[in-house]
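Chain by chain, the residues run as shown.
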Amino acid sequence: MMISGTTRVIGIIGDPVAHSRSPQMQNRALAAAGLDYVYVPFRVSPENLADAVAGLRAVGVCGFNVTVPHKVAVLPLLDRLSPEAEQIGAVNTVLNDGGRLVGYNTDGTGLVRSLGEEFGFDPHGSHLVVIGAGGAARAAVHALCAGGAARVVIVNRTVSRGASLAEQYGALFPGVRLEVCSALPGALPGVDLLVNTTSVGMDGVSLAADPATLGDTAAVYDMIYAPPETPLLTAARRRGLRCANGLGMLAAQGEGAFALWTGVAPPPGLMKAVLGE
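Our subject in this report is the structure included herewith. All values reported here derive from a predicted model rather than from experimental measurement. (Residues numbered from 1 in each chain as written. Predicted model: local features only at pLDDT ≥ 70, side-chain atom pairs only at ≥ 80, totals over all residues. Heavy atoms only, no water.)

Quick look at the packing of helix H4 (residues 107–119) against helix H5 (residues 135–146) now. It is the contact of H4 with H5, at a shortest axis distance of 8 Å, that shows an interaxial angle of 60°. Classified by the interaxial angle, the pair formed by H4 and H5 is oblique. Note on packing geometry: the crossing formed by H4 with H5 is right-handed. Counting all contacts with H4, which are made through Asp107, Gly108, Thr109, Leu111, Val112 and Leu115, the residues of H5 involved are Ala139, Ala140, Ala143 and Leu144. Partitioned by chemical class, the residues of the contact of H4 with H5 number seven nonpolar, two polar and one charged. (Axes fitted to C-alpha atoms, helices over the stretch in contact; angles between N-to-C directions. Helix = DSSP H or I, 4+ residues; strand = E, 2+ residues; numbered from the N terminus. Parallel < 35°, antiparallel > 145°, perpendicular 65-115°, else oblique. Left-handed = near helix turned anticlockwise from the far one by under 90°. Contact = heavy atoms within 4.5 Å. Nonpolar A, V, L, I, M, F, W, Y, C, P; charged D, E, K, R; others polar.)

Here it is as structure tokens:
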């Protein structure tokens, strides 16, 4: 890759961001597609978010990803949201459209695609548990409800946040049974899938949930991908459950973002292959 005066800049903002594998997969895809772009990480603390977004707009970056903890906080700093991002209430991809910043969300579709690839999982008619109520959880619950889930239990320490999410999506998806609780229920034999959307487990020590309450046919998906094996996944494997980390989702959402920024699709399968190296 040769950087010149014509090279266009894409990036990712978050805190932390050093662990992100997005620069690796995006730059490889950009090079393979022969595009004159570069993708760089920007560590942005919450108190500097507004200044950072204004700066990215001012220097003319063509777009950027948004990761923890900014996926919801970035909303009022943007000029427009896609219909899906507006419903979700969180953004993971921003496009600079002639100076106007437009927010999108490719997380939910990326999750559903990854579940299909990893487990052959279809959310239609399924019973699910989602841990968390932040930006990633909003995208996950929205996509799973849109995919026809029968029941979704939202587990969050702050019940009011989970209840707000359930109320909003209950109006959008009246056919889905949405429940909220502050801790994982004691017995979950009928659950088809457990999804962790929080950062609990990123330290390699903390356990986001105990999969002992799940039935033997359940699957476990942890959106964390660094480290690749979280305590939740280790516990799930000991139970003999199907499980996967978030690398597949990272690749799928990244492909969607790539197409928004460049107007072309990335080389098929390349991003996931890079993440697997």
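Anyway, onward from the coordinates.
One pass over the full model with this rule turns up twelve salt bridges. Across the pair Asp216 and Arg239 runs a salt bridge whose closest N-O atoms are separated by 2.8 Å. Residue Asp216 is found in the loop between strand S10 (193–196) and strand S11 (219–222), and its partner Arg239 is found in the loop between helix H7 (231–238) and strand S12 (242–244); the two are separated by 23 residues along the sequence. Take Arg239: its relative accessible area is 27%, and that puts it in the partly exposed class. One continuous salt-bridge network, built from bridges that share partners, spans Arg113, Glu117, Glu118, Glu255 and Lys272. (Salt bridge = Lys/Arg side-chain N within 4 Å of Asp/Glu carboxyl O. Buried < 20%, exposed > 50% of the residue type's maximum accessible area, 1.4 Å probe, protein only.)

Let us look at the nonpolar core. Within the largest apolar cluster, 31 residues are counted, with the highest numbers of intra-cluster contacts made by Val141, Val152, Leu178, Leu193 and Tyr221. Contributions of two or more residues to this core are made by H4, strand S7 (127–131), H5, strand S8 (151–155), helix H6 (159–172), S10 and S11. Among the elements that make up this core, the one with the highest residue count is H5 (seven residues). Core analysis: the second largest hydrophobic core is formed by 21 residues, Leu30, Tyr225, Ala251 and Met271 among them. (Core = buried A, V, L, I, M, F, W, Y, C linked by side-chain atoms within 4.5 Å.)

Here we come to the sheet that holds strand S1 (residues 8–14). Spatially, the six strands line up as an open sheet ordered S2-S1-S3-S5-S6-S4, and their pairing is mixed. The two strands at the open ends of the sheet, each matched to only one other strand, are strand S2 (37–43) and strand S4 (80–81). Pairing geometry for strand S5 (residues 93–97) and strand S6 (residues 100–104), over five bridges, is antiparallel. Considered in S6, the bridge of Leu95 is made with Val102. (Pairing = 2+ DSSP bridges.)

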